[in-house]
2 protein chains.
Amino acid sequence: MKASIITIGNEILSGMTLDTNSSFLARELGTIGIPVALKISVGDRADDINKTFKQALAQTDIILCTGGLGPTSDDITKKVAAKLFGLKLKFDKKILDHIRSRFAKRGIEMPACNRGQAMVPDKAEVLFNPEGTAPGLLFKKGKKILILMPGVPREMKAIFAGSLKERLEALSCRMKINMLTLRTTGISESAIAEKLIPFEKGLAKSILAYLPTHIGVDLRLTLSGKNSGQIDAKLLELSLKIKQLLGPVIYGQDEETMELIVGSLLKDKKLTLTTAESCTGGLIADRITNVSGSSDYYLGSIIAYSNILKEKMLGVKSQTLRLHGAVSKETAIEMAKGVRGRLGSDLGLAITGIAGPTGGTDKKPVGLVVMALAGPKGTVALEKRFLGQRRHIKESSAQAALNMLRLYLLKC
Amino acid sequence: MKASIITIGNEILSGMTLDTNSSFLARELGTIGIPVALKISVGDRADDINKTFKQALAQTDIILCTGGLGPTSDDITKKVAAKLFGLKLKFDKKILDHIRSRFAKRGIEMPACNRGQAMVPDKAEVLFNPEGTAPGLLFKKGKKILILMPGVPREMKAIFAGSLKERLEALSCRMKINMLTLRTTGISESAIAEKLIPFEKGLAKSILAYLPTHIGVDLRLTLSGKNSGQIDAKLLELSLKIKQLLGPVIYGQDEETMELIVGSLLKDKKLTLTTAESCTGGLIADRITNVSGSSDYYLGSIIAYSNILKEKMLGVKSQTLRLHGAVSKETAIEMAKGVRGRLGSDLGLAITGIAGPTGGTDKKPVGLVVMALAGPKGTVALEKRFLGQRRHIKESSAQAALNMLRLYLLKC
């Protein structure tokens, strides 16, 4: 049993819209043992869509297709599929009621063109879309299955999670492909590779993949087999070996983010946190508050983007700013102490730096970042240098500051 | 002249890593008149890579390939391509010096395995990588060109922008495909479609695409032709018609973000801004400070995630919180006035809401958000209701708050 993934839309083919759907679906299919054999992007032309459907139906058993189900005139996927399967469109009152209720919830009247989304091919199965107005559709002919879903990722995911995943799993030949990812930060890809030489010796090449980004390197282990439990046990064994070799540069596993890990450490240790941000401009606070329940340990932040606010809101001495500059260990330490004291938390995390592209000097170049952490036992500071564009420097800095906090929490 | 885009890596095929490279490259190729005929993802197996290279070389003229150039054992693209073109790997001192200097800049010693990245196929052209350690490579055989670039998007983009784009443009048949995008927010896809009925009448279907996300709907106009100036003039004409029909729901064009637009309005009007965030937890500040030069008009923010900080740092009355709750127009207004007064800016923007998934009630459900804007002439407040997951609600809320500020600035 093999699957194809088809993404429809000129905006995908021309690259104007990033295709996130096919990676989500490939990943999900992998977990239920259905390998993806074909990945195709096609534009909004009926002929091209029709041809691609036929090719995919000939080469694979299950076709998952996203895009082209919206209310506007460029959305033609449903019509093409209905024609290919010899079905006619009919009106479905339940779908219309659902669409109406979504607009009503937001206090907006339903535009007339949304009515077309309640027209569905007879004999195609309707897949409920809890997140939007376009329902999913399942077409069947013999053992071949074609599934249409909207291109909006949130809606596609909701339909997939609804009942589709379970049903596809029941069809799968049950050869499982399981993965485990260890997430590292603060160490380069090549430095990891050196430490893992004894681990990689004799290991099949396809098992370990290095996935580097500017905020860290993910290490992905992949194994396949018939018994999911056995694969998972082997993955666990391999991951423990890597953990022994790498130590605390590994901050999490699989979908765990740095903010999630830091959050659970704060919760475990019953400590509260406040932050003072300059160069990251709120990104650290944003990441911390992406975690549901973060209000239990996170009180808030002062984003002191200007020097005046560093003095006024955080109590940084004007002498410190004058003598050492806004980007200095001295300033970072006063920011951390200031936010901890004034906002009243157990820990205060501060960061100041030069995100660029302007503002750098020979002595203090773009990418120079200083972090400080104030706690009941005193204050520590750390200087880092990052390369890249403004957004990259912000993201690298936020990750490094959260990692500094994590390493502190691991020891206290 | 046609192009293929090949992305290499098990992590891409299995969906574990999102492929952003192929959309970037397709977009860039479109602007220089080279259409993409083939998009393929392939895993880290020498046989598969070799087959895919051959297929792409047979069907298209230019192959852009990303991934598999790293220092680790799973990176084999360079070797496969060298073998296919009958070339041998040789050591390049200039590349090694560049790699060493990158590590030195960050104060880290170069791991030994990075040395392998300085081995390049003789007769292949080396493309300088200013952002990383793996150089790009250009192979030529007759009129066919194969280009290898690293999979890290920042590095691939730097190599492409370096000199590659210009060179490919010189080769292109010069049939231009130009695009213009109008960006809207605060209006649904179907409501836009209703307003654009007179515009779409008689318009070829492929010209206008609706690209909805939870923070707005982008309207993409695409035209092709031989004369880039003529296409652009026609695009401008069409965009003006859309602007007339839609009015101020359009906030920007092409790559313009809401924060960029708001930033230039603040600059133009010589006004300073501070923000007070609760439910968005720093996301508004983060977005504002993504704009280089934002320190000219943005002083900072108070992220008052807890009610205590709303009182202590923003001066919200405890009575207001008790009587109306943290998510209320009354609280939002006091937050906006508080941050404006205490941090000393012309404008104060505040937001409070329930990002979920917990914390909602019948009267105040998850997704309820209240925004307020305080200025010299008084304070306005606005209530919105969003649907979706926590991160979506944060993003929708931040966009709506920035849009409220934009609409205010347009009038003042």
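Residues numbered from 1 in each chain as written. Chains lettered and ligands numbered in written order. Predicted model: local features only at pLDDT ≥ 70, side-chain atom pairs only at ≥ 80, totals over all residues.

**Structural notes on the overall build of chain A**
Broken down by element type, chain A carries 15 helices and 17 strands. With the principal axes as the frame, chain A shows a C-alpha extent of 80 × 60 × 40 Å. Scored against the burial criterion, the 412 residues of chain A give a buried share of 50%. Long-range contacts, defined as pairs at least 24 residues apart, comprise 66% of the intrachain contacts of chain A with a sequence gap of at least 6. (Helix = DSSP H or I, 4+ residues; strand = E, 2+ residues; numbered from the N terminus. Buried ≥ 20, exposed ≤ 12 C-beta atoms within 10 Å, placed from the backbone. Contact = placed C-beta atoms within 7 Å.)

**So, the interface of chain B and chain A**
Taken together, the 81 residues of chain B in the interface contact 81 residues of chain A. Split by residue class, the side of chain B that touches chain A holds 32 nonpolar, 31 polar and 18 charged. Across 5 bridges, strand β14 (residues 298-304) of chain A lies against strand β14 (residues 298-304) of chain B in antiparallel orientation. By the bridge assignment, Ser-301 of chain A is partnered in β14 of chain B with Ile-303 of chain B. (Nonpolar A, V, L, I, M, F, W, Y, C, P; charged D, E, K, R; others polar. Pairing = 2+ DSSP bridges.)

**A look at the domain arrangement of chain A**
All names here are of chain A. The domains assigned to chain A are domain 1 (3-171), domain 2 (176-253) and domain 3 (261-411). Taking the mean C-alpha position of each, domain 2 and domain 3 sit 31 Å from one another. Each partner contributes residues to the interface: domain 2 has 8 residues there, and domain 3 has 11 residues. A breakdown of the residues in the side of domain 2 that touches domain 3 according to their chemical character gives 3 nonpolar, 5 polar and no charged. (Domains from an automatic or database assignment.)

**Let's talk about the relation of the copies chain B and chain A**
For the pair chain B and chain A, the relating rotation is 180°, the translation along its axis is 0.1 Å, and the fit reaches an RMSD of 0.1 Å. Look at the turn and shift together and you get a two-fold axis relating the two. A share of 98% of interface residues in chain B that are also interface residues in chain A marks the association as one of identical surfaces. (Least-squares fit on C-alpha atoms with pLDDT ≥ 70 in both.)

**What to know about helix α5 (residues 93-105) of chain A**
With 13 residues, α5 of chain A should cover 18 Å at 1.5 Å per step; its first-to-last C-alpha distance of 18 Å lies within 8% of that length. Phi for Gly-107 of chain A, located one or two positions after α5 of chain A, is positive at around 75°. (Expected span 1.5 Å × (residues − 1).)

**Notes on the pairing of strand β13 (residues 273-277) of chain A**
Residue and element names in this part refer to chain A. Within β13, 5 of the 5 residues are buried, which leaves it mostly tucked inside the rest of the structure. Tracing the backbone out of β13, into helix α11 (residues 283-288) and back to the parallel element β14 gives a crossover that is right-handed. Two elements, β13 and strand β15 (residues 347-353), share 5 bridges in a ladder whose sense is parallel. The residue of β15 that forms the bridge with Thr-274 is Gly-348. (Right-handed = clockwise from strand over helix to strand, strands pointing away.)

**Thoughts on the nonpolar core**
Core analysis: the largest hydrophobic core is formed by 110 residues, its most contacted members being Ala-336 of chain A together with Ala-336 of chain B. If we skip the residues at most four places from it in the chain, Ala-336 of chain B touches Ala-276, Gly-348, Leu-349, Ala-350, Ala-372, Leu-373, Ala-374 and Thr-379 of chain B. Among the nonpolar cores identified, the runner-up in size contains 87 residues, and Leu-29, Leu-64 and Leu-148 of chain A together with Cys-65 of chain B belong to it. (Core = buried A, V, L, I, M, F, W, Y, C linked by C-beta atoms within 7 Å.)

**So, the packing of helix α2 (residues 21-31) of chain B against helix α6 (residues 153-171) of chain B**
All names here are of chain B. Put simply, α2 and α6 touch, their axes get as near as 11 Å, and they point 20° apart. Relative to α6, the element α2 is oriented roughly parallel. Between α2 and α6 the crossing geometry is right-handed. Contacts between α2 and α6 involve Asn-21, Phe-24 and Glu-28 from the first element and Pro-153, Met-156, Lys-157, Phe-160 and Lys-165 from the second. Looking at the contact of α2 with α6 residue by residue, the class counts come to 4 nonpolar, 1 polar and 3 charged. (Axes fitted to C-alpha atoms, helices over the stretch in contact; angles between N-to-C directions. Parallel < 35°, antiparallel > 145°, perpendicular 65-115°, else oblique. Left-handed = near helix turned anticlockwise from the far one by under 90°.)

**Concerning the confidence of the model for chain A**
Averaged over chain A, the pLDDT score is 92; the fraction of residues at 70 or greater is 99%. Confidence metrics for the complex model read pTM 0.74 and ipTM 0.73. (pLDDT = per-residue confidence, 0-100.)

**Some words on the sheet that holds strand β12 (residues 250-253) of chain B**
Residue and element names in this part refer to chain B. Read across the open sheet, the 4 strands follow the order β10-β11-β9-β12; overall the sheet is antiparallel. Of all the strands in the sheet, the pair left with one neighbour each is β10 (208-213) and β12. Sheet twist, expressed as the average angle between the axes of neighbouring strands with direction ignored, equals 25°. Relative to β12, strand β9 (residues 176-184) runs antiparallel, the two being bridged by 3 bridges. Across the sheet, residue Arg-183 finds its bridge partner in β12, namely Gly-252. Across the sheet, helix α9 (residues 228-246) lies against β9, β11 (216-225) and β12, angled at about 20° from β9, the strand it touches most.

**Describing the sheet that holds strand β1 (residues 3-8) of chain A**
The pairing of strands in a sheet happens through backbone hydrogen bonds and is either parallel or antiparallel. Residue and element names in this part refer to chain A. Spatial ordering of the open sheet is given by β2-β1-β3-β8-β7-β6, a layout of 6 strands whose pairing is mixed. Across the chains shown, the open sheet's two edge strands, defined by having one partner strand only, are β2 (36-42) and β6 (125-127). For this sheet, the mean inter-axis angle between neighbouring strands, taken without regard to orientation, is 20°. Pairing geometry for β1 and strand β3 (residues 62-66), over 5 bridges, is parallel. Looking at the pairing, Ile-6 lines up with Cys-65 of β3. Its contacts with the sheet put helix α3 (residues 46-59) on β1, β2, β3 and β8 (144-149), and the angle it makes with β2 is roughly 175°.

**Things to note about the environment of Ile-40 of chain A**
As for its placement among the helices and strands, Ile-40 of chain A is situated in strand β2. Counting along the chain gives 18 residues from Ile-40 of chain A to Ser-22 of chain A, while the straight-line C-alpha distance between them is 9.2 Å.

**Quick notes on the environment of Ser-397 of chain A**
Residue and element names in this part refer to chain A. Mapped onto the elements, Ser-397 comes out in helix α15 (residues 390-411). Here Ser-397 falls in the buried class, since 30 other C-beta atoms lie within 10 Å of it. Residues Ser-397 and Ala-350, 47 residues apart in the sequence, show an inter-C-alpha distance of 11 Å. If near-sequence neighbours (up to four positions away) are discounted, Ser-397 is found in contact with Cys-279, Thr-280, Ile-351, Gly-353, Val-369 and Phe-386.

**Quick look at the environment of Leu-409 of chain A**
Residue and element names in this part refer to chain A. Looking at the secondary structure, you find Leu-409 in helix α15. In the structure, Leu-409 is positioned 147 residues away from Val-262 in sequence and 8.0 Å away in space, judged by C-alpha atoms. Those residues in contact with Leu-409, other than ones at most four positions away along the chain, are Val-262, Leu-265, Leu-266 and Lys-269.

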